[in-house]
Amino acid sequence: MGTALQTEDVSQAAVDRTACRSRGVRMGLWPIRYKPQPDELLSSWLVRLAHGHGLKVQTFCNLIFGNRRQVWNRDIDRLAPDWLVETLALHTGTPIEIARKTTLKVFEGTLYPHFHPSGTLLWIQTMKVYHRQREGLGQQYCPACLAADTVPYFRKTWRVSLKTFCLQHGCYLLDRCHACGAPVAFHRVDMDRDETEAAALSRCHRCGEDLSNGPRCPPHIWDEEAFTALSQIIGALDAVTLGEQTPLSPGTLAVLRHLCAMLLGRRRKLRLRAYLSERYGVAEPEVGSRKRSVIESQGIETRHTVLAWSAWMLCSPKERFRQAIANKAVRYNHFFRDFDDPPQWYWDSLRNHPLHRLPASGIGRDHDTE
Ligand SMILES: [Zn+2]
Ligand SMILES: [Zn+2]
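Residues numbered from 1 in each chain as written. Chains lettered and ligands numbered in written order. Predicted model: local features only at pLDDT ≥ 70, side-chain atom pairs only at ≥ 80, totals over all residues.

### Focus on the overall build of the chain
The following threshold applies: Counting from the N terminus, the helices are DSSP H or I runs at least four residues long and the strands are E runs at least two residues long. Throughout, a residue-residue contact means that the two C-beta atoms, derived from backbone geometry, are no farther apart than 7 Å.
The number of helices and strands found in the chain is 13 helices and four strands. Once local pairs closer than 6 in sequence are excluded, the contacts in the chain between residues at least 24 apart make up 68%.

### Some points on unusual backbone geometry
Look at Lys269: it is not a glycine, yet its phi comes out positive at around 65 degrees. Along the chain, the position of Lys269 falls in the loop between helix 9 (250–264) and helix 10 (272–280). A positive phi angle is found at Asp338, which is not glycine, with a value near 55 degrees. Mapped onto the elements, Asp338 comes out in the loop between helix 12 (317–326) and helix 13 (344–349).

### Quick notes on the nonpolar core
Defined as follows: The term nonpolar core means buried Ala, Val, Leu, Ile, Met, Phe, Trp, Tyr and Cys residues held together as one set by C-beta atoms within 7 Å. The burial label depends on the number of other C-beta atoms within 10 Å of a residue's C-beta. Counts of 20 or more mean buried, 12 or fewer mean exposed, and intermediate counts mean partly exposed, with C-beta atoms placed from the backbone. An automatic or database domain assignment provides the domain bounds reported here.
Cys260, Leu263 and Ala311 are the most contacted members of the largest nonpolar core, which totals 39 residues. At the level of elements, helix 8 (224–241), helix 9, helix 10, helix 11 (300–315) and helix 12 are the ones that each hand at least two residues to this core. Of the residues forming this core, the biggest block, eight residues, is contributed by helix 9. When residues of this core are assigned to domains, at least three fall in each of domain 1 (42–213) and domain 2 (249–363). Setting aside anything within four residues of it in sequence, one finds Leu263 in contact with Leu272, Arg273, Val306, Trp309 and Ser310.

### Considering the environment of Leu264
Tracing the backbone through its elements, the reader meets Leu264 in helix 9. Here Leu264 falls in the buried class, since 23 other C-beta atoms lie within 10 Å of it. Sequence-wise, Leu264 and Val287 are 23 residues apart; in three dimensions their C-alpha atoms are separated by 6.5 Å. Discounting residues that sit within four places of it in the chain, Leu264 has contacts with Val287, Ser293, Ile295 and Val306.

### A closer look at helix 9
Heads up, the rule is: Helix span is expected to be 1.5 Å times the residue number reduced by one.
An ideal rise of 1.5 Å per residue puts 21 Å on 15 residues; helix 9 measures up with 21 Å between its terminal C-alpha atoms. Residues Val255, Leu256, Arg257, His258, Leu259, Cys260, Ala261, Met262, Leu263 and Leu264 constitute the buried set of helix 9. Summarising the contacts, the buried residues of helix 9 are in contact with helix 10, helix 11 and helix 13.

### What about the environment of Ile32?
With respect to the helices, strands and loops of the structure, Ile32 is situated in the loop between helix 1 (12–27) and helix 2 (42–52). When the C-alpha positions of Ile32 and Gly52 are compared, they lie 6.4 Å apart, and in sequence the two are 20 residues distant.

### Concerning the packing of helix 8 against helix 11
Here is the rule: Here the axes come from fitting lines to C-alpha atoms, over the contacting stretch only for helices, and the angles between their N-to-C directions go from 0 to 180 degrees. Here the word oblique covers every angle except those under 35 degrees (roughly parallel), over 145 (roughly antiparallel) and from 65 to 115 (roughly perpendicular). All residues other than Ala, Val, Leu, Ile, Met, Phe, Trp, Tyr, Cys, Pro, Asp, Glu, Lys and Arg, Gly among them, are scored as polar; the first ten of these are nonpolar and the last four charged.
Viewed as axis vectors pointing N to C, helix 8 and helix 11 meet at an angle of 105 degrees, and their least axial separation amounts to 8 Å. In terms of orientation, helix 8 and helix 11 fall into the roughly perpendicular class. Within the contact between the two elements, helix 8 uses Glu225, Ala226, Phe227, Ala229 and Leu230 and helix 11 uses Leu307, Ala308, Ala311, Trp312 and Cys315. Residues of the contact of helix 8 with helix 11, tallied by class, amount to nine nonpolar, no polar and one charged.

### Comments concerning the confidence of the model for the chain
Worth spelling out the cut-off: What pLDDT reports is the predictor's confidence in each residue, on a scale of 0 through 100.
Considering every residue of the chain, the mean pLDDT works out to 86; 83% of them sit at 70 or more. Across residues 357–370, where pLDDT falls below 50, the model places 13 contacts with residues more than four positions away in sequence or in other chains.

### Thoughts on the packing of helix 9 against helix 11
We apply this condition: By the definition used in this description, the sense in which the near helix is turned from the far one sets the handedness, with an anticlockwise turn below a right angle giving left-handed and a clockwise turn giving right-handed.
Two numbers describe how helix 9 lies on helix 11: the axes approach to 9 Å, and their chain directions differ by 120 degrees. One finds that helix 9 runs oblique with respect to helix 11. In this structure, the crossing between helix 9 and helix 11 has a hand that is right-handed. Contacts from Val255, Leu256, Leu259, Cys260, Leu263 and Leu264 of helix 9 reach helix 11 at Val306, Leu307, Trp309, Ser310, Ala311, Met313 and Leu314. For the contact of helix 9 with helix 11, the per-class residue count stands at twelve nonpolar, one polar and no charged.

As structure tokens, then:
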């Protein structure tokens, strides 16, 4: 047997280096350990990490998660499986609480009361995932933000229906490629390209156009006061995603969404959309043929218009609700139908209407002649 190793034979620096490497191996730190950018989405972070390693997204995901765990056949920013978030956190040395904040759960308690995995999540744009395809217009972006990024990435607030323009750049968000009209699917950007460097997240996955070249159009201002109100909401959202307190009122958001639903709906005797289109002297915004269309599946133009008109009504609710009823654009009961637990001020704004009755379990039903 050889001589027993004497501890003084080994320098302290070597011991430290080895211990450090050993910790690294145990933690399995990846060579590239990007951290999430401000407001960055989980999916965007994952794609950046793949490309940072010089790998295609699918190759990287197969290596990390194996073939049996499919990543992209779901909306991972919404569903955010623990195994995925924890893996990214562990191997990039990112605190788990920071990693968890890359998901759309960050809006729980602000935009929607409780997270749920299926069905419409209030104010979160739907992706309509079909296998690995994205058929919905759920991923918006600001072309100017993408152009200004050192490495382009996608933000959580770009998934929010309420956000139709970028406060920082004063332009509309876009929800499809300006060159070919494809919905955004940045996880597919490297599929037909050999070089991952040429597959920046800002490229259209279908035609390769740089989305940061998209038009930067100032948002249409239907009414100054309503526009200011929407800007304040967007400003508060931007603050939420960066972890700041928000002055957003759940009751106000609930009313705003209900008015949007009334504007998008196709109920009998409900012609609020036509009424406001006449008021502004424009064609009616394009809405799907469904009886109950939701704001979360609308394209940017319709959404901006419907939000702005709803905000306009909310700036002077008592007067504008009454005008709409008087003009037979809407019935009193429409204000309460499918609306659970409206805030008191909303009740009050309709209080003196002749059809108002309190207390009101099932208010409006007595007067509903549909
Ligand atoms: Zn921007
Ligand atoms: Zn394109």
